[in-house]
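Spelled out, the chains give:
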Amino acid sequence: MTNTLPMKAKVMIGMVAVASLCALSFGVVRWQTQVWPQLLLLSLAAALSSRFKVQLPGMTSSMSGNLPVILLAVTQLGLFASLLVAVAAAIAQSYSGRNKTKPIQFLFNACTLLNAAGLAYLAYHSQMFAARATAHTVSLLMAAATYFIANTAPVASIIGLTEGVNPFALWHKVFLWSFPNYVIGAGLTAIVSVFTTISGLATLAALMAVLFAVYQSYKMYMGRGEQMQPQAMAMAAGR
C-alpha cells in the first residue's frame, strides 16, 4: 500500500506519527487524576458523533461532528484524557462497514486528530489570556481555531501530495465547507461548558441530539448542493 505513496507523503506521515507520539508522551508526563465517568462518557460521545460524517463535495475527505465533544474534553479533562477521547473519535471515524480504511490511512487520520486535540488543549490552557474577564471565551476560540488548522491543514497537504493537486487550493475548499461547522461546534461547546459538565447520560443524550440535528442539516444542505451542481453546469453549457 505504502509503495504507491510519493516519498514526500511518506515523510509527512512519519512526521505526523512522531508528533503524535510526542503528544502522548507529554500527556503521560503531565498526568492528572482523571474523572473517569466524564472520560468514559466523552469517549462514548466522541465515538458516536464521529459517525455523523458528511462527504465534502468534490473531495475525497469527509467532515465529522465530533468537534464539540473533543473541545469539551479539552476544557473539562486533562491532556492525556483529552488525547484518549481523540483516539476514540479517530477509531470510530475511520471505521466503516462498507469501505475498509487502509492501515496507513487510519494511522495518518488518528495521529492528525490526536495532534489537533493536543494542540487545542495547549492553546486553551495557555496563560496568554488569563487576566482577561473573557478568558474562557477567548481561550475556547483559540482552541477551536488551533484545532481547525491542525486538523485540516495536514489532511489537505497529504491529499495534495498523493493526488497531485494544489494543497492550498484544497485547504481553501475545506475551509469554505467546514468553517461554519467549526463555528457551530465552538458555540455549542461554549454553551455546554458554561452551564454544565458531561457527567450523566441525560446530558450526553441532549448533546448527541443537538449534534445529530446539526449533522442532518449539513447532510441535507450538501445533498441539495450536489443536486444543483449538474443543473448549473447544464445551464452554463446551454448559454
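Preceding this section is the structure that the text describes.
A short tour of the structure in this document, coming up.

Cut-offs applied
Residues numbered from 1 in each chain as written. Predicted model: local features only at pLDDT ≥ 70, side-chain atom pairs only at ≥ 80, totals over all residues. Heavy atoms only, no water. 1 Å grid on protein atoms, 1.4 Å probe; cavity = no way out; pocket = protein on both sides within 12 Å on 5 of 7 lines; lining within 4 Å. Points joined across faces, edges and corners; volume = space filled by probe spheres on them. Helix = DSSP H or I, 4+ residues; strand = E, 2+ residues; numbered from the N terminus. Nonpolar A, V, L, I, M, F, W, Y, C, P; charged D, E, K, R; others polar. Contact = heavy atoms within 4.5 Å. Core = buried A, V, L, I, M, F, W, Y, C linked by side-chain atoms within 4.5 Å. Buried < 20%, exposed > 50% of the residue type's maximum accessible area, 1.4 Å probe, protein only. Polar contact = N/O pair within 3.5 Å; in protein donor to acceptor, adjacent residues only side chain to side chain. Expected span 1.5 Å × (residues − 1).

1. Describing empty space enclosed by the protein
Then step 1. Here the structure, examined in full by the defined rule, presents one cavity of 30 Å³ or more.
Then step 2. The computed volume of the largest cavity comes to approximately 140 Å³.
Then step 3. Ser64, Gly65, Asn181, Val214 and Tyr215 are the residues nearest the centre of the largest cavity, which is lined by 15 residues in total.
Then step 4. Where the lining of the largest cavity is concerned, the elements lending two or more residues are β2 (62–64), α3 (67–76), α7 (167–195) and α8 (201–238).
Then step 5. Partitioned by chemical class, the residues of the lining of the largest cavity number eleven nonpolar, four polar and no charged.

2. With respect to the environment of Tyr95
Then step 1. Inspection of the secondary structure puts Tyr95 in the loop between α4 (79–94) and α5 (103–124).
Then step 2. It is 9.6 Å that separates the C-alpha atoms of Tyr95 and Ser50, two residues lying 45 residues apart in sequence.
Then step 3. Setting aside residues no more than four positions away along its own chain, Tyr95 makes contact with Arg51 and Lys53.

3. What about the nonpolar core?
Then step 1. Core analysis: the biggest nonpolar cluster contains 48 residues, and Leu42, Val69, Leu77, Val85, Tyr147 and Leu211 have the highest contact counts within it.
Then step 2. Mapped onto this core, the elements with two or more residues apiece are α2 (36–49), α3, α4, α5, α6 (135–163), α7 and α8.
Then step 3. Per-element accounting of this core gives the leading share, eight residues, to α5.
Then step 4. Non-local contacts of Val85, meaning those with residues more than four positions away in its chain, are made with Leu39, Leu42, Ser43, Ala46, Val69, Ala73 and Leu77.
Then step 5. Counting residues in hydrophobic clusters, the runner-up holds twelve residues, among them Val16, Phe108, Cys111 and Ala156.

4. Side note on the side chain of Thr152
Then step 1. By secondary structure assignment, the location of Thr152 is in helix α6.
Then step 2. Its relative accessible area of 7% is what places Thr152 among the buried residues.
Then step 3. A polar side-chain atom of Thr152 sits 2.6 Å from the main-chain carbonyl oxygen of Phe148.
Then step 4. In this structure, Thr152 is in contact with Trp171, Val174 and Tyr182, ignoring residues within four places of it in sequence.

5. A closer look at α4
Then step 1. A rise of 1.5 Å per residue sets the reference length of α4, with its 16 residues, at 22 Å; its end C-alpha atoms lie 22 Å apart and thus fit the reference within 8%.
Then step 2. Of all 16 residues making up α4, twelve are buried, and the element is well covered by its neighbours.
Then step 3. All of the buried residues along α4 are Leu79, Phe80, Ala81, Ser82, Leu83, Val85, Ala86, Ala88, Ala89, Ala90, Ala92 and Ser94.
Then step 4. Turning to α4, the residues buried within the fold contact α1 (7–29), α2, α3 and α5.

So far we have only geometry, and geometry alone does not tell us how the molecule works.
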